[in-house]
Amino acid sequence: MARLIPVEMIPNSLWNKEDFILHLPPQLISSWEMLLDKYQLREKASTEAPEGFEGGMSKEDTDNHLAWRFTGSSARVMLTMLDPLQELPQIPDVFARIFSGNKVFLADLPCGSGAASMSILSVLYELRKQGKLPRMPIHIVIVGGEISEYAQNYAKEAIDSITTELEAQAITLEFDIMDWDVCDKFSNTDLINQLRLRSQNCSAKLLVLANFSGFLEKEKKWKEASKQFDELFRHSRSENSVALWIEPSMKKVTYESGFFTRLIDWFKKLFSKLIEEDKEIEQKRYDPSNPVRVKHPLVEGTFRTNVAVVRLELPLRKKKQS
Ligand SMILES: C[S@@+](CC[C@H](N)C(=O)[O-])C[C@H]1O[C@@H](n2cnc3c(N)ncnc32)[C@H](O)[C@@H]1O
């Protein structure tokens, strides 16, 4: 399986191989600090989050999430891309496969303040800048969906702030952040229409759903939301389309009766007809046991993070043999 980059080639600016510490990409840090300063959140971001804080859609929750959770969310996405401890076979190759095209599509749902898109873009940028990935021109089309208007704005500002710099590494962007409520079928259909329109002529599609189980499980929204996911996943199928669902590795996500079991059961039911025709349609789940230390960008020391991830293939129907 081709990884995005072999572990020994991950630059020290992203992964310190001597002390096993993950470093957030410099570009992502400067963009995050720009937002912290603009919205007077630097002091908060230098303190520890209260136990159990997950965020929400109000201004206060969005600000707190940006200050306390943006870096953790970003680190989790980095772990899925780089997999420095080699615990996620078949995950980094998704990034190798998707980002080898010259026009590719990324859906970031819910995008929050843009942590997933920002991590993917700034890791690709850093790898190219350090000469670890070839600088072939790549055009990345991003559609983010998010219910909080405050988070939508942060995501726009963050991605905007790195667009010009990315061009120096032959990465060009178009992006659109949509108002999306996973519990509302009309807003979901609007999102799907936009995904379809924007992903035309893209050689590959990646759907990233990150850190959403807290909302779906805590507020008991899964039942309501799953109808919209049915539609979203059915319409996201194409020749080369993959969804990654990324969460912190917590019991309520990874245990037998946890969120990932529910997610995979739902997927198997939704795609049962296709899975019957093609047994190789993949639903892989990984829950590495080792937490990883991440260099804190603002204060001395590190924080810990971990990741659990599910990979879901979103294939078209197999053509019948004549
Ligand atoms: C924990 S954050 C994760 C954001 C981002 N994916 C990340 O990893 O940083 C959860 C996000 O879900 C959004 N959200 C909550 N309810 C939603 C809904 N009904 N539809 C869409 N997004 C929602 C919140 O506003 C928040 O930005």
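Residues numbered from 1 in each chain as written. Predicted model: local features only at pLDDT ≥ 70, side-chain atom pairs only at ≥ 80, totals over all residues.

1. Concerning the overall build of the chain
Here is the rule we go by: Counting from the N terminus, the helices are the DSSP runs of H or I reaching at least four residues and the strands are the DSSP runs of E reaching at least two. Just to be clear, the radius of gyration here is over C-alpha atoms, and the globule rule we use is 2.2 Å times residues to the power 0.38.
Each helix and strand in the chain was counted, giving 13 helices and 11 strands. Expected size for 322 residues packed as a compact globule is a radius of gyration near 20 Å; at 19 Å, the chain falls within 12% of this value. If you line up the chain on its principal axes, its C-alpha atoms span 65 × 45 × 35 Å.

2. Focus on the nonpolar core
This is how it is decided: Connectivity within a nonpolar core runs through C-beta atoms within 7 Å, and the core itself is a set of buried Ala, Val, Leu, Ile, Met, Phe, Trp, Tyr and Cys residues. Residue burial here comes from a neighbour count, namely the number of other C-beta atoms, placed from the backbone, that lie within 10 Å of the residue's own C-beta, with 20 or more meaning buried, 12 or fewer meaning exposed, and in between meaning partly exposed. Here contacts are defined at the residue level, using C-beta atoms placed from the backbone and a cut-off of 7 Å between them.
Ranked by size, the top nonpolar core spans 88 residues in total, and within it Val104, Leu106, Leu124, Leu206, Val208, Leu244 and Val309 carry the most contacts. Per-element tally for this core: the top contributor is helix H6 (residues 115–129), with 9 residues. Each residue touching Val208, except ones within four places of it in the same chain, is listed here: Leu106, Ala107, Asp108, Ala116, Leu244 and Ile246.

3. Overview of the site of the ligand
To be explicit about the condition: By convention here, the C-beta atom is placed from the backbone, and a residue is near a molecule or strand when that atom is within 6 Å of it. Think of it as three bins: nonpolar holds Ala, Val, Leu, Ile, Met, Phe, Trp, Tyr, Cys and Pro, charged holds Asp, Glu, Lys and Arg, and polar takes everything else, Gly as well.
Taken together, 23 residues sit near the ligand, with Ser73, Pro110, Gly112, Ala115 and Ser148 positioned nearest. Mapped onto the shell around the ligand, the elements with two or more residues apiece are H6 and helix H9 (213–218). For the shell around the ligand, the residue count by class is 13 nonpolar, 7 polar and 3 charged.

4. Brief notes about the sheet that holds strand E7 (residues 241–247)
Which entries qualify depends on this criterion: By the convention used here, strands pair only if DSSP detects at least 2 bridges between them. Angles here are taken between N-to-C directions and fall from 0 to 180 degrees, while the axes themselves are lines fitted to C-alpha atoms, restricted in helices to the stretch in contact.
Read from one edge to the other, the open sheet built from 7 strands follows the order E5-E4-E3-E6-E7-E11-E8, with strand pairing classed as mixed. Edge positions in the sheet fall to strand E5 (171–179) and strand E8 (283–286), since each has one partner strand and no second. Strand-to-strand, the axes of this sheet are offset by a mean angle of 15 degrees, without reference to chain direction. Where E8 and strand E11 (residues 308–313) come together, 4 bridges link them in antiparallel fashion. In the sheet register, Arg285 faces E11, and the bridge partner there is Val310. Relative to the sheet, helix H4 (residues 70–82) contacts strand E6 (204–210), E7 and E11, its axis offset from that of E7 by approximately 135 degrees.

5. Description of the sheet that holds strand E1 (residues 15–16)
With respect to topology, 4 strands assemble into an open sheet ordered E1-E2-E9-E10, the strand pairing being mixed. Both edges of this open sheet fall to E1 and strand E10 (302–305), since each of them pairs with a single strand only. Direction of pairing for E1 relative to strand E2 (residues 21–22): antiparallel, over a ladder of 2 bridges. Paired with Asn16 across the two strands is Ile21, which belongs to E2.

6. Considering the pairing of strand E4 (residues 138–146)
Cut-off, in case you're wondering: When the strands point away from the viewer, a crossover counts as right-handed if the path from the first strand over the helix to the second runs clockwise.
Burial within E4 is extensive, with 8 of its 9 residues counted as buried. When strand E3 (residues 103–109) meets E4, the two strands line up parallel, connected through 6 bridges. Each bridged residue has a counterpart across the sheet, and for Phe105 the counterpart in E4 is Val141. As for the winding sense of the linkage, the β-α-β connection from E3 through H6 to E4 is right-handed. The pairing of E4 with E5 spans 9 bridges and is classified as parallel.

7. Digging into the packing of helix H1 (residues 26–38) against helix H7 (residues 149–167)
Short version of the rule: Any angle from 65 to 115 degrees is called roughly perpendicular, while one under 35 is roughly parallel, one over 145 is roughly antiparallel, and all others are oblique. Handedness of a helix crossing follows the sense of rotation of the near helix relative to the far helix, less than a right angle counterclockwise being left-handed and clockwise being right-handed.
Put simply, H1 and H7 touch, their axes get as near as 10 Å, and they point 135 degrees apart. As the angle between them shows, H1 and H7 are arranged oblique. Seen along the crossing, H1 lies across H7 with a hand that is right-handed. Each of Gln27, Ser31, Met34 and Leu35 in H1 lies in contact with H7, whose residues at this interface are Tyr154, Glu157, Ala158, Ser161, Ile162 and Glu165. Along the lines of polarity and charge, the residues of the contact of H1 with H7 split into 5 nonpolar, 3 polar and 2 charged.

8. Focus: H7
Formally: The span one expects for a helix is its residue count, reduced by one, times 1.5 Å.
In this model, H7 (19 residues) spans 28 Å end to end at C-alpha, consistent with the 27 Å of a helix rising 1.5 Å per residue. Burial in H7 covers these residues: Ala151, Gln152, Tyr154, Ala155, Ala158, Ile159, Ile162 and Leu166.

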